[in-house]
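# Examination of the molecular architecture
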Amino acid sequence: SGWYNGAGELCMNAPDLAKWDIAFLQHKVLTARSYEQFTREVDLKNGDHTHYALGLTIGDFRGVPTFEHGGEVSGFLAINKVFPNRNGAVIVLSNADGVSLTGSLADDVAKLVFLPEQRPESKADTENVQAILTSLQKGAIDPERFTGNARSYFEKALPDFASSLSALGPLKSVTFVNETLRGGMIHRIYRAQFDKKRVLLNIYVMPDGRYEQLMITE
């Protein structure tokens with residue numbers, strides 16, 4: 001009893017929560033001063049950031065500012081992510097329990113709605129990444145795909161890559177996530193699903209198509 005209400009003793013479905021978000025974005029709920037206080041990040045006394053305001057997590061989605069708050073209780077998950085610069089929000093409510101569903105689904109919806117200019121996936125680029133991962137599992141790379149800096153790094157790191165990646169089992173899929181420009185390079189993010197684990201790939205590609213950096217993290 002009492003578990004299935006929000007902290008403010010509110011219970012809303014997605015359409016009701018959307019009405020709240022619209023009123024919040026249009027400053028119909030709070031005064032301008034209260035809205036500014038409510039959405040301002042509170043720093044610690046030593047100057048460290050908290051990414052937290054008055055009950056709201058302050059963040060960004062690929063450079064787009066966000067306010068968000070989620071919730072969970074046995075048998076129910078929720079997230080409400082507001083995009084003030086886009087005058088919109090994404091709400092995900094789920095009766096799935098113990099599954100990382102709401103956050104990833106909210107991000108997928110936000111990408112479609114708020115970042116329509118995102119470059120579509122290149123099948124050839126994704127196949128290149130898949131080929132590189134397969135080679136790394138065997139302790140090898142195609143040197144023509146990499147810059148001199150990257151080749152120098154992999155000369156020493158290949159045994160470690162082979163050991164760690166081969167332990168994950170066969171590579172099942174590589175999925176494109178995002179592409180941005182950074183420091184004169186193209187930054188691409190992929191998810192790679194192996195038989196035993198999924199990993200994240202951060203890749204930096206030079207304008208000529210050669211790989212300058214390839215980082216793999218859990």
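Shown above is the structure to which this text applies.
All of these numbers come straight from a predicted model, not from anything done at the bench. (Residues numbered from 1 in each chain as written. Predicted model: local features only at pLDDT ≥ 70, side-chain atom pairs only at ≥ 80, totals over all residues. Heavy atoms only, no water.)

### Some words on the layout of surface pockets
If you add up the space inside the second largest pocket, you get close to 330 Å³. Looking at the lining of the second largest pocket, the elements that each hand over two or more residues are helix 3 (102-114), strand 5 (171-182), strand 6 (185-194) and strand 7 (198-205). The element contributing the most residues to the lining of the second largest pocket is helix 3, with 4 residues. Each residue belonging to the lining of the second largest pocket can be placed in one class, and the counts come to 5 nonpolar, 3 polar and 6 charged. (1 Å grid on protein atoms, 1.4 Å probe; cavity = no way out; pocket = protein on both sides within 12 Å on 5 of 7 lines; lining within 4 Å. Points joined across faces, edges and corners; volume = space filled by probe spheres on them. Helix = DSSP H or I, 4+ residues; strand = E, 2+ residues; numbered from the N terminus. Nonpolar A, V, L, I, M, F, W, Y, C, P; charged D, E, K, R; others polar.)

### What to know about the pattern of salt bridges
Summed over the entire model, instances satisfying the criterion amount to 9 salt bridges. Of the charged contacts in the structure, one is a salt bridge between R40 and E36, with a shortest N-O distance of 2.6 Å. Under the relative-accessibility criterion, E36 is labelled partly exposed at 37%. The shortest N-O distance in the salt bridge between R188 and E179 comes to 2.9 Å. For the pair R188 and E179, a shared accessibility class is recorded, and that class is buried. A single salt-bridge network, built from bridges that share partners, covers E68, K81 and D107. (Salt bridge = Lys/Arg side-chain N within 4 Å of Asp/Glu carboxyl O. Buried < 20%, exposed > 50% of the residue type's maximum accessible area, 1.4 Å probe, protein only.)

### Some thoughts on the sheet that holds strand 1 (residues 57-61)
Strand order in the open sheet formed by 4 strands is 1-2-3-4, with antiparallel pairing between adjacent strands. Looking at the sheet topology across the chains shown, the edges are occupied by strand 1 and strand 4 (88-94). Direction aside, neighbouring strands of the sheet carry axes that sit 25° apart on average. In terms of strand pairing, strand 3 (residues 76-83) meets strand 4 through 7 bridges, oriented antiparallel. (Pairing = 2+ DSSP bridges. Axes fitted to C-alpha atoms, helices over the stretch in contact; angles between N-to-C directions.)

### Notes on the nonpolar core
Of all hydrophobic cores here, the largest spans 26 residues; its most connected members are L133 and L136. Sorting the residues of this core by element identifies helix 4 (123-137), helix 5 (148-166), strand 5, strand 6, strand 7 and strand 8 (211-217) as the ones contributing at least two each. It is helix 5 that provides the largest number of residues to this core, a total of 6 residues. The contacts of L136, once residues within four sequence positions are left out, are I141, F154, L158, F161, A162, L165, L214 and I216. Judged by nonpolar contacts, the second largest core, of 10 residues, contains V64, I79, F83 and V92. (Core = buried A, V, L, I, M, F, W, Y, C linked by side-chain atoms within 4.5 Å. Contact = heavy atoms within 4.5 Å.)

### Describing the packing of aromatic side chains
The final tally for this structure, using the stated rule, is 11 aromatic pairs. Look at F61 and F83: their rings are 6.2 Å apart centre to centre, the planes differ by 90°, and that puts the pair in the edge-to-face class. Highlighted residues: F61 in strand 1 and F83 in strand 3, separated in sequence by 22 residues. Of the two residues examined, F61 and F83, each falls in the buried class. The interplanar angle of 45° and the centroid separation of 5.7 Å between the aromatic rings of F146 and Y211 together place this pair among those described as tilted. Here F146 is found in the loop between helix 4 and helix 5, whereas its partner Y211 is found in strand 8, with 65 residues between them in sequence. (Phe/Tyr/Trp six-rings, centres within 6.5 Å; stacked < 30°, edge-to-face > 60°.)

### Description of a nonpolar patch on the surface
On the surface, L101, L105, V109, L112 and V113 cluster together into a nonpolar patch covering about 410 Å² of accessible area. Within the secondary structure, L101 sits in the loop between strand 4 and helix 3. A relative accessible area of 30% places L101 in the partly exposed class. (Patch = residues over 30% accessible without salt bridge, like charges linked within 9 Å, V, L, I, M, F, W, Y side chains within 5 Å. Areas by Shrake-Rupley, 256 points an atom, 1.4 Å probe, with all protein chains shown as cover.)

### Concerning the sheet that holds strand 5
Spatial strand order, 5-6-7-8: 4 strands in an open sheet with antiparallel pairing. Looking at strand neighbours, the two that pair on one side only are strand 5 and strand 8, the edges of this open sheet. Each adjacent strand pair in this sheet contributes to an overall mean axis angle of 20°, direction not counted. Inspection of the sheet shows strand 6 paired to strand 7 by 8 bridges, in the antiparallel sense. Paired with H187 across the two strands is Y204, which belongs to strand 7. Contacting strand 5, strand 6, strand 7 and strand 8, helix 4 runs over the sheet at an angle of about 120° to strand 5. Sitting on the sheet, helix 5 touches strand 6 and strand 8, and the angle it makes with strand 8 is about 25°.

Everything listed here is a matter of coordinates, which is why it stays silent on function.
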